[in-house]
Amino acid sequence: MTDDLRSALDVGNGAVGLLTSLPVLCFALAAPVALGVVRRYGAESAVLACLGLVVLGSVVRSSGSFAVAVAGTVLIGLGITIGNVVVPVLIRSRVAPERVGTVTGVYTAVMNVGSMIVLVGSGPVASGSGWRTALVAPAALAVVAALVWWRVVGTSRRAAADAPAVGAVTAVPAGPVWRDPVAVLLVLAFAGQSTSYYSMTAWLPSILADEAGAGSAAGGLAAVFQISAVVGAIGTPLLALRLPEPVAVGVVGILWMAMPVQLLLEPSAYLVGSILGGIAQGGGFATILTIVARRARSDRESAGMSTLVQSVGYAFAAVGPTLLGVVHDATGSWTAPLLVIVGTTATFLVTVVTASISARRPRGRGRAA
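None of the values given here were measured: they were computed from a predicted structure.

Q: Residues and numbers for the pattern of salt bridges, please.
A: Per the counting criterion, the structure on display carries five salt bridges. A salt bridge links R94 to E44; its shortest N-O distance comes to 2.6 Å. Of this pair, R94 sits in helix α5 (residues 66–94) while E44 sits in helix α4 (residues 43–61); the two residues are 50 residues apart in sequence, bridging distant segments of the chain. In this structure, E245 and R294 form a salt bridge, with 2.8 Å as the shortest nitrogen-oxygen distance. Note that E245 is positioned in helix α12 (residues 245–265) and R294 in helix α13 (residues 270–295), a separation of 49 residues in sequence. According to the relative accessible area criterion, E245 is buried, its value standing at 10%.

Q: Which residues make up the environment of V327, and what values go with them?
A: Within the secondary structure layout, V327 lies in helix α14 (residues 299–331). In sequence terms V327 and P337 are 10 residues apart; their C-alpha atoms lie 6.0 Å from each other.

Q: Lay out the environment of L324 in plain terms, naming residues and giving numbers.
A: Mapped onto the secondary structure, L324 falls in helix α14. Judged by relative accessible area, L324 falls into the buried class, the value being 2%. Between the alpha carbons of L324 and P337 there is a distance of 5.2 Å; along the sequence they are 13 residues apart. Among residues more than four places away in sequence, those in contact with L324 are S199, W203, P337, V340 and I341.

Q: Can you explain the confidence of the model for the chain? Please cite residues and give values.
A: For the chain, the mean per-residue pLDDT works out to 82, and 83% of the residues sit at or above 70. Helix α15 (residues 335–359) holds the highest mean pLDDT among the elements of the chain, 95, whereas strand β2 (residues 367–368) holds the lowest, 38. Low pLDDT, under 50, characterises residues 365–369; the predicted model gives this stretch 10 contacts beyond four residues in sequence or across chains.

Q: Could you give an account of the packing of aromatic side chains, naming the residues involved and the relevant values?
A: Applying the stated rule across the entire model yields eight aromatic pairs. With a centroid separation of 4.9 Å and an interplanar angle of 75°, the aromatic rings of Y197 and Y198 are classed as edge-to-face. Since its relative accessible area comes to 22%, Y198 is described here as partly exposed. Their ring planes at 55° and their centres at 6.1 Å tell us that F225 and W256 sit as a pair that is tilted. Highlighted residues: F225 in helix α10 (residues 218–227) and W256 in helix α12, separated in sequence by 31 residues. Assessed through its relative accessible area of 0%, F225 is described here as buried. Judged by its relative accessible area of 0%, W256 is buried.

Q: Tell me about the side chain of T344, residues and numbers included.
A: Residue position: T344 is located in helix α15. Residue T344 is classed as buried on the basis of its relative accessible area, which comes to 14%. Here S196 takes part through its side chain, which lies 2.7 Å from a polar atom of the side chain of T344. Apart from the residues within four sequence positions on either side, T344 is in contact with G192, T195 and S196.

Q: Pulling in residues and values, what's your account of a nonpolar patch on the surface?
A: On the surface, a nonpolar cluster with roughly 430 Å² of combined accessible area is contributed by V106, V110, I234, L238 and L241. When contributions to the nonpolar patch are tallied by element, the ones reaching two or more residues are α6 (100–129) and α11 (229–242). No other element matches the three residues that α11 contributes to the nonpolar patch. By the element assignment, L238 lies in helix α11.

Q: Run through the layout of surface pockets, naming residues and quoting values.
A: Reported here for the second largest pocket is a volume of approximately 290 Å³. The wall of the second largest pocket is formed by 20 residues, among which G101, A240, E245, T290 and R294 lie closest to the centre. Residue assignment for the lining of the second largest pocket shows that the elements contributing at least two residues are α6, α11, α12 and α13. The element contributing the most residues to the lining of the second largest pocket is α13, with five residues.

Q: Got a sec to walk through α12? Specific residues and values, please.
A: Across its 21 residues, α12 extends 30 Å between first and last C-alpha, which sits within 8% of the 30 Å expected from 1.5 Å per residue. Remark: the principal bend of α12, roughly 25°, maps to M259, with a proline, P260, within the next four residues. Along α12, the positions that sit buried rather than exposed are E245, P246, A248, V249, G250, V252, G253, W256, M259, P260, Q262 and L263.

Q: Just give me the short version of the packing of helix α9 (residues 181–211) against α14, but keep the residues and values in it.
A: Two elements in contact, α9 and α14, have axes separated by 7 Å at closest approach and are oriented at 35°. The handedness of the crossing between α9 and α14 is right-handed. Of the residues assigned to the contact of α9 with α14, the class counts are 17 nonpolar, seven polar and no charged.

Reading the values: rules and limits
Per chain, the residues get numbers from 1 upward, laid out in the order the sequence is written. Totals for whole chains, interfaces and linings use every residue, but because this is a predicted model, local features are given only for residues with pLDDT of at least 70 and side-chain atom pairs only at 80 or more, for both listing and counting. Excluding hydrogens and water, the side-chain figures rest on all heavy atoms present in the structure. Here a salt bridge means any side-chain nitrogen of Lys or Arg lying within 4 Å of a carboxyl oxygen belonging to Asp or Glu. Here a helix means four or more residues in a row that DSSP labels H or I, a strand means two or more in a row labelled E, and each is numbered from the N terminus. Burial status follows relative accessibility: with a 1.4 Å probe on protein chains alone, a residue under 20% of its type maximum counts as buried, one over 50% as exposed, and anything between as partly exposed. In this description, contact between two residues means that some pair of their heavy atoms is separated by no more than 4.5 Å. The quantity called pLDDT is the predictor's confidence in a given residue, expressed from 0 to 100. Ring pairs are drawn from Phe, Tyr and Trp, using the six-membered ring of Trp, whenever the two centres fall within 6.5 Å, and their geometry is named by plane angle: stacked under 30 degrees, edge-to-face over 60, tilted for the rest. Under this definition, polar contacts are N or O atom pairs within 3.5 Å; protein pairs additionally need one hydrogen-donor-capable and one acceptor-capable atom, and for neighbouring residues in sequence, both atoms have to be side-chain atoms. Patch construction takes residues with relative accessible area above 30% that form no salt bridge. Like charges are linked within 9 Å, and nonpolar side chains (Val, Leu, Ile, Met, Phe, Trp, Tyr) are linked within 5 Å. Computed by Shrake-Rupley with a 1.4 Å probe, the accessible areas treat only the displayed protein chains as cover when residues are assessed. The rule is simple: put a 1 Å grid over the protein atoms alone, call a set of points where a 1.4 Å probe fits but cannot get out a cavity, call an open set with protein on both sides within 12 Å along at least five of seven lines a pocket, and count a residue as lining if it has an atom within 4 Å of a point. Grid points are joined across faces, edges and corners, and a volume is the space filled by probe spheres set on the points. Multiply 1.5 Å by the residue count of a helix minus one, and that product is the helix's expected span. By definition, a residue's bend is the angle between the axes fitted to the seven residues ending there and the seven starting there. For helices, the axis comes from a line fit to the C-alpha atoms of the stretch in contact; other axes are also lines fit to C-alpha atoms, and the angle between any two N-to-C directions lies between 0 and 180 degrees. If you view the pair so one helix is near and one far, a crossing is left-handed when the near helix is turned anticlockwise from the far one by less than a right angle, and right-handed when it is turned clockwise. Residues are grouped as follows: Ala, Val, Leu, Ile, Met, Phe, Trp, Tyr, Cys and Pro are nonpolar; Asp, Glu, Lys and Arg are charged; all remaining types, including Gly, are polar.

So this is what it looks like as C-alpha cells:
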C-alpha cells in the first residue's frame, strides 16, 4: 500500500514516512491537550471524543491530497492520544485494585491484536478496493466501539443520575505529579520502553536481512515481534500474581534486553530473540500503565501522571528510529545501533523495577474536593 500512497499523492518515501511517524509525535505533543479534554469533560466523554476523532481523521486522511492526509493523520493522532491518557483513569476508577494489572494487560493485548488485524488486512483491502478504502476501513471498528460505549455511558448515567460523572471527581494531590519520584522513574521507564519498541519496529526487518541473512522473509519474521506482545501483555500481570511484582517486571526487563543482545551475539537465533522481545514489549507497556493506575490517588492525578509519562516517553520514541538510522549510516553496521537499544532496554529494566518497588510503599490518599 505504501507504493500506492506514494503514487497517488505524488510524494516521496520521506513524505509517506511522515504519515507513519506523525501519530507518535502527536502522542508526545498533544498529550497536554488530551489532558485538558479529560479533565474538562470527564473520562466517559473523553472516550467518545477519542473514537470520534479517529473516525473523522480516517475519513479526512483518505479523501484528498497529501496536505489533507497529514491533517487527517493529526486528527487520528490526537484521538489516540486522548485514549492513551484516559485509559489509566478509567481502569483506576472502575476496576478493583487487585485486578488493575490484569485489566491493563487485556487492554494492551487487545490493542496489539487490533494493530495486527489492521496491518494484515490493509494489503488485501488495498488490492481489492484501493488504498483510500484501506485507510478508512479501520474506522468502522471505531464507529462500532463508539456506539457500544455510548450505550454503556447512557446506562451508567441513568443508574447513577445523582452521582458525579466518572472522571469529574477531582482530588487534592500532594503537589505537581512531576515532583513524585515514582512519576519521574516511570517517565524514564516509558522513554526506554517506547524508544526501544519504535526503533525495533522500524529497523528489525533491515537488521534481520543484513545480520541474519533473513532476506525477503525478514518482514514476516518481524511480525513475530508484534504478535508475541499479546503473550507479554496478558502473561505479565498473571506472573505478578504469583511472584512479587518487582520480580515479575524485572523478568520483563531482562527479556527486553535479551533481544538486542541476541542480535549482537547470535543473529541466527533471531526467532528466539524476536519472541522474547515481543513478550517484553507487550508486558512493559502494560506494567507501566498498571503502576500509573495504582500509584495515583485520584482520577485527576492519574490523568496528570499518564500525560507526563507518555508525553516525554513518546517524544523520545519519535526520534529513536531516526537516531538508529543516523548511527547506522555513520558506522556502516548494526552493532552500534543495537548497543543503543541495549542502553534503552537497560534503562527500562532499572527504572521500572525501582518504580515498582517505590510505588508499593504506603502513600497518603488525596481528599475528594
